[in-house]
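A look at the structure
Chain by chain, the residues:
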Amino acid sequence: MKVTRVVAGAAVAAAVLVSLNATGAPAAPVASVPAVPGAILQESATQVAADSKTLRELAKRTGMKIGTAVDMSALANDATYNDKVATEFNSVTAENVMKWSEIEPTRGVLNFAPADQLVAYAKANGQSVRGHTLLWHNQLPTWLTDGVASGDIDATELRQILKQHVFDVAGHFRGKIYQWDVVNEVIDDNAQLRDTIWLQKLGPGYIADMFRWAHQADPKAKLYINDYNVEGLNAKADAYYALVQQLKADRVPIHGFGMQGHLGVQFGFDGRALQNVQRFEALGLETSFTEVDVRMVMPPDNPKLQAQANGYGILLRACLLAKRCTSFTVWGFTDKYSWVPGVFTGQGAANLLDENYGQKPAYQTVSQTLALAG
Ligand code: XIL
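Residues numbered from 1 in each chain as written. Predicted model: local features only at pLDDT ≥ 70, side-chain atom pairs only at ≥ 80, totals over all residues. Heavy atoms only, no water.

1. Quick look at the overall build of the chain
Note the cut-off: Strands here are runs of E lasting at least two residues and helices are runs of H or I lasting at least four, both read from the DSSP assignment and numbered beginning at the N terminus. Whether two residues are in contact is decided by their heavy atoms: any pair within 4.5 Å suffices. All accessible-area figures derive from a Shrake-Rupley calculation using a 1.4 Å probe, and residue coverage is judged against the displayed protein chains alone.
Looking only at helices and strands, the chain has 15 helices and 12 strands in total. The long-range share in the chain, meaning contacts at least 24 apart out of those at least 6 apart in sequence, stands at 76%. Entry remark: accessible area of the chain is about 16200 Å², with carbon and sulfur atoms responsible for 53%.

2. Some thoughts on the environment of glycine 348
Looking at the secondary structure, you find glycine 348 in strand β12 (residues 347-348). Taking the C-alpha atoms as reference points, glycine 348 and serine 338, 10 residues apart in sequence, are found 7.7 Å from one another.

3. Brief notes about the state of the cysteines
Cysteine pairs can be linked by a disulfide, which is a covalent bond between their two sulfur atoms. To be explicit about the condition: Count a disulfide wherever a pair of cysteine sulfur atoms falls within 2.5 Å. Think of it in three bands: residues with accessible area under 20% of the maximum for their type are buried, residues over 50% are exposed, and the middle band is partly exposed, with areas taken using a 1.4 Å probe on protein chains only.
Applying the stated criterion across every chain, the model contains one disulfide. The disulfide partner of cysteine 319 is cysteine 325, and the S-S distance across this bridge is 1.9 Å. Between cysteine 319 and cysteine 325, the S-S torsion sits near -95 degrees, and that sign places the bridge as left-handed. For cysteine 325, a relative accessible area of 7% translates into the label buried.

4. Observations regarding the side chain of arginine 194
Filter applied, for reference: Asp and Glu count as negative and Lys and Arg as positive, but His and the ends of the chain are not part of the count. Take a side-chain nitrogen of Lys or Arg and a carboxyl oxygen of Asp or Glu: if they are within 4 Å of each other, that pair is a salt bridge.
Among the secondary structure elements, arginine 194 is positioned in the loop between β6 (179-184) and α9 (197-202). Among buried Asp, Glu, Lys and Arg side chains, arginine 194 stands out as unpaired, with glutamate 185 the closest opposite charge at 4.7 Å. When near neighbours in sequence (up to four residues on either side) are disregarded, arginine 194 contacts His137, Glu185, Val186, Ile187, Asp188, Leu199 and Tyr228.

5. Regarding unusual backbone geometry
Residue threonine 133 is reached from histidine 132 by a cis peptide bond, and omega for that bond is 0 degrees. Note that threonine 133 resides in the loop between β5 (128-132) and α7 (142-150). Cis peptide bonds are those with omega within 30 degrees of zero, and the linkage from methionine 298 to proline 299 qualifies with 0 degrees. Tracing the sequence through the fold places proline 299 in the loop between β10 (286-297) and α13 (302-321). For glutamate 185, which is not glycine, the phi torsion reads 60 degrees and is therefore positive. Within the element layout of this structure, glutamate 185 appears in the loop between β6 and α9.

6. Details of the layout of surface pockets
To keep things clear, this is the line we draw: Lining residues are defined by having an atom within 4 Å of a point belonging to a cavity or pocket. Those points lie on a 1 Å grid over the protein atoms alone, cavities being sets where a 1.4 Å probe fits but cannot get out and pockets being open sets with protein on both sides within 12 Å along at least five of seven lines. Grid points are joined across faces, edges and corners, and a volume is the space filled by probe spheres set on the points. Three residue categories are used. Nonpolar comprises Ala, Val, Leu, Ile, Met, Phe, Trp, Tyr, Cys and Pro, charged comprises Asp, Glu, Lys and Arg, and polar comprises the others, including Gly.
Estimated volume of the largest pocket: approximately 570 Å³. Lining the largest pocket are 32 residues, and of these Tyr228, Asn229, His262, Leu263 and Arg295 lie nearest its centre. Every element with two or more residues in the lining of the largest pocket is listed here: β9 (262-264), β10 and α13. Here the lining of the largest pocket is built from residues that sort into 12 nonpolar, 13 polar and seven charged.

7. Side note on the pairing of strand β11 (residues 325-330)
Inclusion rule: By the convention used here, strands pair only if DSSP detects at least 2 bridges between them. Call a crossover right-handed when, viewed with both strands pointing away from you, the route from the first strand across the helix to the second goes clockwise.
Burial analysis of β11 places five of its six residues in the buried class, which makes it a mostly covered element. One ladder, built from four bridges, connects strand β3 (residues 65-70) with β11; its direction is parallel. Following the sheet pairing, lysine 65 is matched in β11 by serine 327. Chirality of the crossover, the property in question, places the unit of β10, α13 and β11 among those that are right-handed.

8. What about helix α4 (residues 79-88)?
Defined as follows: Polar contacts, as counted here, are pairs of nitrogen or oxygen atoms within 3.5 Å of one another; within protein the pair requires one atom able to donate a hydrogen and one able to accept it, and residues that are adjacent in sequence qualify only if both atoms are side-chain atoms.
Those residues of α4 not exposed but buried are Tyr81, Lys84, Val85, Ala86 and Glu88. N-capping of α4 is provided by aspartate 78, with a side-chain oxygen placed 3.1 Å from the backbone N of threonine 80.

9. Digging into the packing of α13 against helix α15 (residues 361-373)
Note the threshold: Angles run from 0 to 180 degrees between N-to-C directions of axes, and those axes are lines fitted to C-alpha atoms, restricted for helices to the stretch in contact. Should an angle lie under 35 degrees it is considered roughly parallel, over 145 roughly antiparallel, and from 65 to 115 roughly perpendicular; all remaining angles are considered oblique. Each helix crossing is assigned a hand: it is left-handed if the near helix lies turned anticlockwise from the far helix by less than a right angle, otherwise right-handed if that turn is clockwise.
Contact geometry of α13 with α15 gives a least axis separation of 8 Å together with a crossing angle of 25 degrees. Relative to α15, α13 is oriented roughly parallel. Here the hand of the crossing between α13 and α15 comes out right-handed. Counted together, Leu305, Gln306, Gln308, Ala309, Tyr312, Gly313, Leu316, Arg317 and Leu320 of α13 and Pro361, Ala362, Thr365, Val366, Thr369, Leu370 and Ala373 of α15 form the full contact between these two elements. A per-class count over the contact of α13 with α15 returns 10 nonpolar, five polar and one charged.

10. Description of the packing of aromatic side chains
Rules: What counts as a ring pair is set by centres within 6.5 Å for rings of Phe, Tyr and Trp (its six-membered ring), and what kind of pair is set by the plane angle: stacked under 30 degrees, edge-to-face over 60, tilted for all other angles. Only when the NZ atom of a Lys or the CZ atom of an Arg is both within 6 Å of the ring centre and within 35 degrees of the ring normal do we say a charge sits over the ring.
Counted by the stated rule, this structure contains 11 aromatic pairs. Where phenylalanine 89 meets phenylalanine 333, the ring centres are 5.4 Å apart and the plane angle is 45 degrees; that geometry is what we call tilted. Of this pair, phenylalanine 89 sits in the loop between α4 and β4 (91-94) while phenylalanine 333 sits in the loop between β11 and α14 (340-343); the two residues are 244 residues apart in sequence, bridging distant segments of the chain. The burial state of phenylalanine 89 is the same as that of phenylalanine 333; both residues are buried. Aromatic rings pair up to connect Tyr81, Phe89, Phe333 and Tyr337 into one cluster. Seen from the ring of tyrosine 224, arginine 130 lies directly overhead, with NZ or CZ sitting 5.0 Å from the centre. The lysine or arginine in question, arginine 295, covers the ring of phenylalanine 344, its NZ or CZ lying 3.7 Å from the ring centre.

This is how it looks when you write it as structure tokens:
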């Protein structure tokens, strides 16, 4: 089979349309190509490739999974949403239903039903599942936070409860999750270990404990440390680098560095995402972008939407250019169900598709970047 595609690296200098044979080796330039400028040729060819395929189809040949967070009520009640999760993505993350408050709202009573539904949906659609998350400081059950606050649950018991939680949850999904966010947001914006009940009661060793327990509970899952504001080179990302170095030195089973990728056009973007990814890969980790969205101060306009597309592009290119960036997950794909307006007052429009599932410039950028990379 002959595949016609464009060589991405040649874009700026002398873009040529080449035809690749089945082995991927460039053949002679296509004779019938009209003599028009290379840049135009490239754009149109990419456009055609991107337009006719879903992100999932385009990502297939890149070796990188393309994922989305899934809102379970939208999945159940909105047929368009449901269809797009299946057709546009080959990886899914539970936006909420694997979090502790959802799984164990009452102590000792585990409710896996919604998360099991997602796992079944993924299986039916040939998708992989990212697990999110075994430890966080938010969305904890009130019996747990109240118990700690009142002193009913002391440090020894808390450690036992946490260990049990890992074996309950990672054990339940054993073999069905390809990547687990084992700990989420454990470093704060001052690049210090975050001041949470976990650090206060258990000390810094809880992080290594979490990875060791998770590895016992699900030995095949890739175990991730995950956070926001670590997509470029900054003090917080440096703190993660040092932490991972220490964990590796201590032979802790940690396999991946997850960069959430919650960006905002009003903050600008750090163009050094690839360097950051590469330094973590040099430590022996794989990497992933796990929760990408790019918000803006409302209302959207063309410059903001173009800037947004650029933000998505920076992270996606970093992933595609890196050696071991295994998945690129967006935190929802339509503005219809985004978490952003509820949390960041006056901001929104953070996703690839608008509220009516219309494609925004960011979708075009993601699509064309995948078309070029594949
Ligand atoms: C958010 C969900 O999108 C919301 O629906 C929920 O109310 C709060 O959590 N970082 C994370 C995610 O790791 O779990 C968060 O998800 C967004 C920020």
